[in-house]
Amino acid sequence: MKRRVVSRDDIVAGLRRAGLGGGEVVLVHSSLSSFGWVEGGAEAVIDALREAIGPDGTLVMSAITITAEFVAAHVRAAIRGEINREYPIFDVEKTPTWAGHIAETFRNMPHVARSWHPSHSVTALGPKAEELLADHHVRPSCGQDSPYERITRLEEGRVLLLGVTHESSTTIHAFEELAGAEYVVHPQTCRIPFRTPEGERLATTTLHIYHIARELGRLESRYIDAGAETVTVIGRAPVRLCRAKPMREITLEAIRKSPYILLTPAGLKTWEKMKASGEYLEPHGA
């Protein structure tokens, strides 16, 4: 069978079809392999994204590095009133992201800036990059005044899912934090050392609770019905483009009405066990 080749021009056309017209601030989550064979690889996808949003647009990607082990090390230190300097230190310039090949390629490109957050850093390129990324290390991971939340305030804010579903969307976690969902973050404020081009710094932030199963796409039909999400296909990749501001309104209203709406039955059971025991660092079974 002849393989389908997806070109940069195919991607630009698909992004236009999804609704990008230029000037947007776009947070992208992506899977390169979902397209099929992309001529030019990750660089071609990034080039297509930059063309679609134009010189007035800002391209943003998650550069997330969080792991359960990282959370446990720093939350336990916070409980003791200490700073953990033994766990491998996040380096703004060098630590790779596990958010996919496109995100890692973008992180290494010239002039791309990265926020100073040791678990949920974000990379950006464009006119709004500096204001979006500022002071992330003294903000919540995803909540109020984080880059994820700042994008959702903007009329031109967009969340773009290239070949992935809402299960990969960190923005949904931002909405959980904003709505005050009790199962999202550890109560302790952690002080976490990290390295920057200006030397070692200290983050003051909260960290996410692990092991609680969600269904982050549960509200997708509401986004589509409200005109907040469009869906198309590029190559083999399903593409979802969401207007961040109405997506925020829909999600916050849903969580405030039904606080556990995004949890699976197993996730709710795990959370109830964690809450009853007061121990949020280890899985408690289904």
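All of the points below concern the structure found in this document. As the structure is a prediction and not an experimental result, all values here were calculated from the model.

So, about the sheet that holds strand β7 (residues 122-125). Here we have 7 strands laid out as an open sheet, ordered β6-β7-β4-β2-β8-β12-β11, and mixed in their pairing. A single partner strand is all that each edge strand has here, and the edge strands are β6 (113-114) and β11 (229-234). Its contacts with the sheet place helix α1 (residues 8-18) against β8 (157-162), β11 and β12 (237-243), and it is angled at close to 160 degrees to β11.

Sheet architecture is open: 3 strands sit in the order β5-β9-β10, paired in mixed fashion. At either end of the open sheet lies a strand with only one pairing partner, and these are β5 (90-91) and β10 (199-205). Bridge count between β5 and strand β9 (residues 190-196): 2 bridges; the pairing is parallel. Note that in β9 the partner of Asp91 across the bridge is Arg195.

The subject of this paragraph is the packing of α1 against helix α2 (residues 41-53). Across the interface, α1 lies against α2 with an axial gap of 9 Å and an inter-helix angle of 40 degrees. Compared by their axis directions, α1 and α2 come out oblique. As α1 packs across α2, the resulting crossing turns out to be right-handed. Mapping the contact onto sequence places Arg8, Ile11, Val12, Leu15 and Arg16 in α1 and Ala44, Val45, Asp47, Ala48, Leu49, Glu51 and Ala52 in α2.

Relative to the helices and strands, Glu279 is located in the segment after α10 (265-277). Expressed as a C-alpha distance, the spacing of Glu279 and Asp56, which sit 223 residues apart in the sequence, is 47 Å.

So, on to the packing of helix α7 (residues 170-178) against helix α9 (residues 244-257). Following both chains from N to C, one finds α7 and α9 inclined at 50 degrees, their axes separated by 9 Å at the closest point. Comparing the axis directions of α7 and α9 gives the class oblique. The crossing of α7 and α9 is right-handed. Of the residues in α9, those in contact with Ile172, Phe175, Glu176 and Leu178 of α7 are Ala244, Met247, Arg248, Thr251, Leu252, Ile255 and Arg256.

Glancing now at the nonpolar core. Membership of the largest hydrophobic core comes to 42 residues, with the highest contact counts inside it found for Val60, Tyr183 and Leu262. Counting only elements with at least two residues in this core, the list comes to β2 (25-30), β7, α5 (129-133), α6 (147-153), β8, α7, α9 and α10. In terms of residue count, α9 provides more of this core than any other element does, 6 residues in total. Not counting residues within four places of it along the chain, the set of residues in contact with Tyr183 comprises Glu176, Ile209, Ile212, Arg214, Pro259, Tyr260, Leu262, Leu263 and Trp271. Among the nonpolar cores identified, the runner-up in size contains 31 residues, and Ile11, Val28, Val45 and Ala48 belong to it.

The geometry of an aromatic ring pair is captured by the separation of the ring centres together with the interplanar angle, meaning the angle of the planes. Considering all chains together, one arrives at 5 aromatic pairs under this definition. With 5.8 Å between their ring centres and 80 degrees between their planes, Phe70 and Tyr87 make a pair best called edge-to-face. A residue pair is termed long-range when its members are at least 10 positions apart, and Phe70 in helix α3 (residues 68-79) and Tyr87 in the loop between α3 and β5 qualify at 17 residues. Residue classification places Tyr87 among the partly exposed positions, given a relative accessible area of 24%. Ring centres of Trp271 and Tyr280 lie 5.4 Å apart, and the angle between their planes is 35 degrees; on these two criteria the pair is classed as tilted. Neither Trp271 nor Tyr280 differs from the other in exposure class; each is buried. Ring pairing ties together the aromatic residues Phe90, Trp116 and Phe194, which thus form one cluster.

A few words now on unusual backbone geometry. Located in the positive-phi region is His111, a residue other than glycine, with phi close to 75 degrees. Checked against the element boundaries, His111 lands in the loop between α4 (101-107) and β6. For His111, a relative accessible area of 73% translates into the label exposed.

Conventions we followed
Every chain is numbered on its own, with residues counted from 1 as its sequence reads. For a predicted model such as this one, the threshold for reporting local features is a pLDDT of at least 70, and the threshold for listing and counting side-chain atom pairs is 80 or more; totals across whole chains, interfaces and linings nevertheless cover every residue. Excluded from the side-chain calculation are hydrogens and water; included are all heavy atoms of the structure. A strand pair is defined by DSSP finding two or more bridges across the two strands. Secondary structure follows DSSP: runs of H or I at least 4 residues long count as helices, runs of E at least 2 residues long count as strands, and numbering of each begins at the N terminus. The contact rule is simple, with two residues in contact once any of their heavy atoms fall within 4.5 Å. Geometry is summarised by axes, namely lines fitted to C-alpha atoms with helices restricted to the contacting stretch, and by angles between N-to-C directions that run from 0 to 180 degrees. Here the angle decides the label: under 35 degrees means roughly parallel, over 145 means roughly antiparallel, 65 to 115 means roughly perpendicular, and every other value means oblique. Left-handed is the label given to a crossing in which the near helix is rotated counterclockwise from the far helix by less than a right angle, and right-handed is the label when the rotation is clockwise. To form a nonpolar core, buried Ala, Val, Leu, Ile, Met, Phe, Trp, Tyr and Cys residues must be joined to one another through side-chain atoms within 4.5 Å. For every residue, the accessible area (1.4 Å probe, protein chains only) is compared with the maximum for its type, and the residue is labelled buried under 20%, exposed over 50%, or partly exposed between those bounds. Aromatic contacts are taken between Phe, Tyr and Trp rings whose centres are within 6.5 Å, Trp giving its six-membered ring; a plane angle under 30 degrees counts as stacked, one over 60 as edge-to-face, and the others as tilted.

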